[in-house]
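Each chain is listed here by its residues.
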Amino acid sequence: MPNRDERPGASVVPNNLWVTRCPIPAASGIACAKGWMAEAFVRDGIAIKRVLEQGLNLVESDPENQARHLFREGGNIQALAARALGAATRVIGLTWIDERQAIMVRPDTPLLHPAGLKGLRFALPGYARSRGESIARGMALHGIKSALALGGLTLDDVQLTEIPAPPVERASVEGMRRLWLGLEWLAAGRVDAVYVKGAAGAEAAQRLGLDIGIDLDAYPSRLARVNNGTPRPIIVHQHMIDHHPELVERFLEQSLRAADWAANNPVELKSILAGETLAGVEGVDAAYRNNFHRALHPDLSDDRVEMLKIQANFLWLHGFLESPVDVDGWICGGPLNAVLKRRAQCAPPVRPPL
């Protein structure tokens, strides 16, 4: 019988593990949707609970206990902001999924190249209740800066028009629409350009009849697409690594299993992602392209870690973080390395050609 002693700091098997549900394409979310995550833990009497993310605390009731047993695969802005405030989290994996990042314009705007963005009015969402929770502003500012850099421009070359900040709220269809309020300002002629990303943003732009001015996904350098979801960290509390490394590894095993499945089942995957991203299948089709279904596997490659450092430096430079984040010290590669080693040992041998 697993030890259920609830004394603080004791190495006890938790009754529940919490997995955040962010409106994103994530292998852990797919594993939950397929029922595999629950199946993997139920044999130890552990229930998987999905939490709709809200704010930097991530969970509402009993946050101290839940945070110790929480897995989060989601945008990096809130994860970095929480770490900057001293959260005892560790990064156990990074994913990179290109999800439609673009500068949207009205149909009557001449076809743009990056240098042609000079002088335009860009929508910039205001700050949320804290700078670290200002996801819409952080995404927009970095997306605009990246697009301008492609044309040799800087933020000083355009006009940033403040628009109301979307509220910090539970993930919902209506909440995702409010996240892209700038598109309504664009359609009304109050601004000239808006940065968008992901299925909900693509769906909202289609609904309003807006056009893509600059497709950031079309540029070969990933530097043009470093943002809140690229790269996307998988984080867990240090408590889990110290006291329950086998559960951390099990979580990663199921995430990798889901990524393997997604690589071979793109049609069924889209219907799952329509629910996970709070967008329709059309939004998923518009946002996720270029064989994205083959790119859901987490890793801790030097390339992805370097991209996370770029994002952390951007957020610190522009005032979204309370203190700099040591990304190298935040990374914990032990659990993923252990899982990948076991997978390599279990892989069937490659038969030589006849």
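In this text, all values refer to a predicted model and were calculated from it rather than measured experimentally. Here, residues in each chain are numbered from 1, in the same order as that chain's written sequence. Local features in a predicted model are, by the rule used here, given only for residues with pLDDT of at least 70; side-chain atom pairs are given and counted only at 80 or more, and totals for whole chains, interfaces and linings are based on all residues. Hydrogens and water molecules were not included; the side-chain quantities draw on all heavy atoms of the structure.

What follows deals with the overall build of the protein. Numbering of helices and strands runs from the N terminus, with a helix taken as a DSSP run of H or I at least four residues long and a strand as a DSSP run of E at least two residues long. Within the protein, the regular secondary structure consists of 15 helices and ten strands. Considering the protein as a whole, with its 354 residues, one finds that 53% of them fall into the buried category. Should any heavy atoms of two residues lie within 4.5 Å, those residues are considered in contact. Sequence separation of at least 24 residues holds for 80% of the intrachain contacts in the protein that already meet a minimum separation of 6. Working note: accessible area of the protein is about 15,200 Å², and carbon and sulfur atoms make up 52% of it. A 1.4 Å probe rolled over the protein chains alone gives each residue an accessible area, and that area as a share of the maximum for its type sets the label: buried under 20%, exposed over 50%, partly exposed in between. Accessibility throughout is a Shrake-Rupley quantity obtained with a 1.4 Å probe, and a residue counts as covered only by protein chains that appear here.

Our focus in this paragraph is the pattern of salt bridges. What makes a salt bridge here is a side-chain nitrogen of Lys or Arg within 4 Å of a carboxyl oxygen of Asp or Glu, nothing more. All told, the structure shown has 16 salt bridges when counted by the stated rule. Linking arginine 232 and glutamate 99 is a salt bridge whose minimum nitrogen-to-oxygen distance equals 2.5 Å. Highlighted residues: arginine 232 in strand 10 (residues 232-237) and glutamate 99 in the loop between strand 4 (89-95) and strand 5 (101-105), separated in sequence by 133 residues. Both residues of the pair, arginine 232 and glutamate 99, belong to the buried class. Bridged by salt links that share partners, the residues Arg106, Asp108, Arg121 and Asp192 form one connected network.

Let us now look at helix 8 (residues 198-207). For helix 8, a buried count of seven out of ten residues is recorded, marking the element as mostly surrounded by other parts of the structure. Those residues of helix 8 that fall on the buried side of the exposure criterion are Gly198, Ala199, Ala200, Gly201, Ala202, Ala204 and Ala205. Where helix 8 ends, the next residue or the one after it, glycine 209, has phi of about 70°, a positive value.

In short, DSSP must find at least two bridges between two strands for them to pair. Spatially, the three strands line up as an open sheet ordered 8-5-9, and their pairing is antiparallel. Since the sheet does not close on itself, it has two edges, and those belong to strand 8 (194-197) and strand 9 (211-215), each with one partner. Between one strand axis and the next, the sheet turns through 40° on average, direction left out of account. For helices, the axis comes from a line fit to the C-alpha atoms of the stretch in contact; other axes are also lines fit to C-alpha atoms, and the angle between any two N-to-C directions lies between 0 and 180 degrees.

Here the focus is the nonpolar core. Only buried residues count toward a nonpolar core, which is a set of Ala, Val, Leu, Ile, Met, Phe, Trp, Tyr and Cys residues joined through side-chain atoms within 4.5 Å. Ranked by internal contacts, the top residues of the largest apolar core, which has 56 residues, are Leu80, Ile103, Met104, Leu117, Phe122, Leu183 and Trp330. Residue ranges assigned to each domain were obtained from an automatic or database domain assignment. Here this core spans two domains, and each of domain 1 (16-97 + 230-346) and domain 2 (101-225) adds at least three residues to it. When sequence neighbours within four positions are dropped, the list of residues in contact with methionine 104 reads Leu183, Leu186, Asp192, Ala193, Val194, Val196, Ala205, Leu210, Asp211, Ile212 and Gly213.

Moving on: the confidence of the model for the protein. Detailed conclusions should not be drawn from predicted coordinates in areas where pLDDT is low. On average, the protein scores 86 in pLDDT, and the residues at 70 or more come to 82%. Between residues 55-61, whose pLDDT stays under 50, and residues either more than four places distant or in other chains, the model counts 24 contacts. How sure the predictor is of each residue is captured by pLDDT, a score from 0 to 100.

As for its placement among the helices and strands, isoleucine 272 is situated in helix 11 (residues 266-276). Residue classification places isoleucine 272 among the buried residues on the basis of a relative accessible area of 15%. Spatially, the C-alpha atom of isoleucine 272 lies 8.9 Å from that of lysine 34, the residues being 238 residues apart in sequence.

Of all nine residues in helix 4 (residues 76-84), eight are buried; the element is thus mostly enclosed. Of the surrounding secondary structure, the elements contacted by the buried residues of helix 4 are strand 3 (70-73), helix 5 (135-150), strand 10, helix 13 (302-317) and helix 14 (327-330). A positive backbone phi angle near 105° is found at glycine 86, which sits one or two residues after helix 4.

Moving on, we come to the packing of helix 10 (residues 245-264) against helix 15 (residues 334-346). Running from N to C, helix 10 and helix 15 cross one another at 55°; their axes reach a closest spacing of 9 Å. Considering the angle they form, helix 10 stands oblique to helix 15. Pair helix 10 / helix 15 crosses with right-handed handedness. Taking contact as the criterion, the partners of Val248, Glu249, Leu252, Glu253, Leu256, Arg257 and Asp260 in helix 10 are, on helix 15, Pro335, Leu336, Ala338, Val339, Leu340, Arg342 and Arg343. Angle categories are assigned with fixed cut-offs, so that under 35 degrees is roughly parallel, over 145 is roughly antiparallel, 65 to 115 is roughly perpendicular, and the rest are oblique. What makes a crossing left-handed is the near helix being turned counterclockwise from the far one by less than a right angle; a clockwise turn instead makes it right-handed.

All right, on to the side chain of aspartate 217 then. Among the structural elements, aspartate 217 can be located in the loop between strand 9 and strand 10. Distance and chemistry together define a polar contact, namely a pair of N or O atoms within 3.5 Å, with one atom able to donate a hydrogen and the other to accept it when in protein, and with adjacent residues in sequence counting only for side-chain atoms on both sides. A polar atom in the side chain of aspartate 217 sits 3.3 Å from the backbone nitrogen of arginine 100. A distance of 3.5 Å separates a polar side-chain atom of aspartate 217 from the backbone nitrogen of glutamine 101.

Here we take up unusual backbone geometry. The general pattern is negative phi for most residues beyond glycine and trans for most peptide bonds. Proline 231 follows threonine 230 through a cis peptide bond whose omega is 0°. Position of proline 231 relative to the elements: it lies in the loop between strand 9 and strand 10.

This brings us to the packing of aromatic side chains. Stacked, tilted and edge-to-face are the three classes assigned to paired rings of Phe, Tyr and Trp, where Trp is represented by its six-membered ring and a pair needs centres within 6.5 Å; plane angles under 30 degrees give stacked, over 60 edge-to-face, the rest tilted. Taken as a whole, this structure holds three aromatic pairs when the rule is applied. Seen in terms of ring centroids, tryptophan 36 and tryptophan 261 are 6.3 Å apart; in terms of plane orientation they differ by 85°. Their pairing is edge-to-face. Of this pair, tryptophan 36 sits in helix 2 (residues 36-42) while tryptophan 261 sits in helix 10, and the two are 225 residues apart along the sequence. Of the two residues, tryptophan 36 and tryptophan 261, both sit in the buried class.

Right, let's talk about the pairing of strand 10 for a bit. The element strand 10 is extensively covered by neighbouring structure, given that six of its six residues are classed as buried. Where strand 3 and strand 10 come together, three bridges link them in antiparallel fashion. Bridged to arginine 72 within strand 10 is isoleucine 235.

Put simply, helix 4 and helix 13 touch, their axes get as near as 11 Å, and they point 70° apart. In terms of orientation, helix 4 lies roughly perpendicular with respect to helix 13. With respect to the hand of their crossing, helix 4 and helix 13 are arranged in right-handed fashion. Residues Asn76, Ile77 and Leu80 of helix 4 form the contact with helix 13, whose own contacting residues are Leu308, Gln311, Ala312 and Leu315.

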